[in-house]
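# Tertiary structure, described
Residues per chain are reported as follows:
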Amino acid sequence: MSSSDIFIGETIGTAILILLGGGVCAAVTLKASKARNAGWLAITFGWGFAVLTAVYTSAPLSGAHLNPAVTLALAIKDDGIPWSDVPTYVAGQMVGAMVGAALVWVTYYGQFHAHLTDKEIVGGPGAQATTAKAVEAQEKGAGPVLGVFSTGPEIRVAWQNVATEVIGTIVLVLAVLTQGLNAAGDGLGILGGLITALVVVSIGLSLGGPTGYAINPARDLGPRIVHALLPLPNKGGSDWGYAWVPVVGPLVGAAIAAGIYNVAFV
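Residues numbered from 1 in each chain as written. Predicted model: local features only at pLDDT ≥ 70, side-chain atom pairs only at ≥ 80, totals over all residues. Heavy atoms only, no water.

### Re the pattern of salt bridges
- Following the criterion strictly, the structure yields 4 salt bridges and no others.
- When the shortest N-O distance is used, the salt bridge between Asp118 and Lys31 registers 2.8 Å. Within this pair, whereas Asp118 is found in the loop between α5 (109-116) and α6 (119-122), its partner Lys31 is found in the loop between α1 (3-29) and α2 (40-62), the two being separated by 87 residues in sequence.
- The closest approach of N and O atoms between Glu120 and Lys31, which form a salt bridge, is 3.5 Å. Here the residue Glu120 occupies a position in helix α6, and Lys31 occupies one in the loop between α1 and α2, the gap between them amounting to 89 residues.
- Judged by its relative accessible area of 37%, Glu120 is partly exposed. (Salt bridge = Lys/Arg side-chain N within 4 Å of Asp/Glu carboxyl O. Helix = DSSP H or I, 4+ residues; strand = E, 2+ residues; numbered from the N terminus. Buried < 20%, exposed > 50% of the residue type's maximum accessible area, 1.4 Å probe, protein only.)

Here it is, written out as structure tokens:
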């Protein structure tokens, strides 16, 4: 694969991943959405199908890593990708994540405006009520729609939040390395894309409750940057104090998983 194929494939694939994954979060969260309050099952399956669609779209070009943690693991893996390709993969993933987040905003533009100008959501003079959760989130620096873009903990305990991301990423990366790779061993295969999508659903259902299961630094950091830049009214903060957790946790988990694979499976 050429550098241009890697960059274009990862950009397109990650943009689709975030468009569909962030899109289901917007659909469930925003007040004027037809899918509002559809719940955690909708989110977990929405992200699983997002992974499936993104993998099948980008695999012919880049091998569909779509995640710096997967790229890191494949670089550490014996006979994996060259380290020189890692920056190209990560650059495409970050650009794609930001493009996907911006497309979520375009798709739900009217719903974002209606949600963020509703007094019951953002509070202020004349508000009838403001949900305790929205107030709590804003006090911690996370605006009322940040969850559409990025993850955040239900209980903010740094070591536990990091550990949750590490554990979830270990499960993801071990599944990719043992079952998901194509014949060349440098990305996801056709059957591997389906397996990985189902694993993502499982992680969301079983391990996603504490932190929202980023398990992907680009998935969290790229949209968080977009949230900070978008002209959303009353959007609140982007919770930069937490932003390191969904970056460090998945990278540590990926390195551990690759080490386990090299010792136990090779």
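That was the structure; now back to the text.
### With respect to unusual backbone geometry
- One non-glycine residue, Leu66, adopts positive backbone phi at about 60°.
- Within the secondary structure layout, Leu66 lies in the loop between α2 and α3 (68-76).
- Residues other than glycine seldom take positive phi values, yet Asn234 does so here, at roughly 55°.
- Inspection of the secondary structure puts Asn234 in the loop between α11 (217-229) and α12 (245-264).

### Observations concerning α3
- Counting buried residues in α3 gives 8 out of 9 residues, a clear majority hidden from the surface.
- Looking only at α3, the buried set comprises Pro68, Ala69, Val70, Thr71, Leu72, Ala73, Leu74 and Ala75.
- The elements touched by buried residues of α3 are α4 (86-107), α9 (158-180), α11 and α12.
- Where α3 starts, the residue carrying a side-chain oxygen 2.8 Å from the main-chain nitrogen of Ala69 turns out to be Asn67. (Contact = heavy atoms within 4.5 Å. Polar contact = N/O pair within 3.5 Å; in protein donor to acceptor, adjacent residues only side chain to side chain.)

Worth remembering: the numbers are spatial, not functional.
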